[in-house]
Amino acid sequence: MKVITVTSSVISKMAYANDVLIVVFENGSVYAYENVPHVVFQAILESGSRGRAFNALVKGTFEGVKLTD
């Protein structure tokens, strides 16, 4: 799983493998989201606003499990 540092006021890093999206937020929280299609991950990476894309495509659609604070 490759960790990608992204430019965003909300998201610090992202990783994706086997339909699992890992998001490290700027506040240090780390969440895992299962069953996320690769096209959703790509759409977030290609978005001009990764935080806005995450909120529109993942938040409220896929259940997140908090891994750390």
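Coordinates for the structure precede this section.
Residues numbered from 1 in each chain as written. Predicted model: local features only at pLDDT ≥ 70, side-chain atom pairs only at ≥ 80, totals over all residues. Heavy atoms only, no water.

**A look at the nonpolar core**
Ranked by internal contacts, the top residues of the largest apolar core, which has 17 residues, are Met-14, Leu-21, Tyr-33, Ile-44, Phe-54 and Val-58. Of all the secondary-structure elements, those providing two or more residues to this core are strand 2 (11-17), strand 3 (20-25), helix 1 (38-46) and helix 2 (50-57). Take this core: its biggest share by element is 4 residues, from helix 1. Beyond its immediate chain neighbours, meaning those up to four positions away, Leu-21 contacts Met-14, Ala-15, Tyr-16, Tyr-31, Ala-32, Tyr-33, Val-36, Phe-41, Ile-44 and Val-58. (Core = buried A, V, L, I, M, F, W, Y, C linked by side-chain atoms within 4.5 Å. Buried < 20%, exposed > 50% of the residue type's maximum accessible area, 1.4 Å probe, protein only. Helix = DSSP H or I, 4+ residues; strand = E, 2+ residues; numbered from the N terminus. Contact = heavy atoms within 4.5 Å.)

**Quick word on helix 2**
Of the positions making up helix 2, those classed as buried are Gly-51, Ala-53 and Phe-54. Projected onto a plane normal to the axis of helix 2, the buried residues spread over an arc of 165° and lie on a single side. In helix 2, the exposed positions angled more than 90 degrees off the buried face are occupied by Arg-52 and Ala-56. (Arc of directions from axis to C-beta.)

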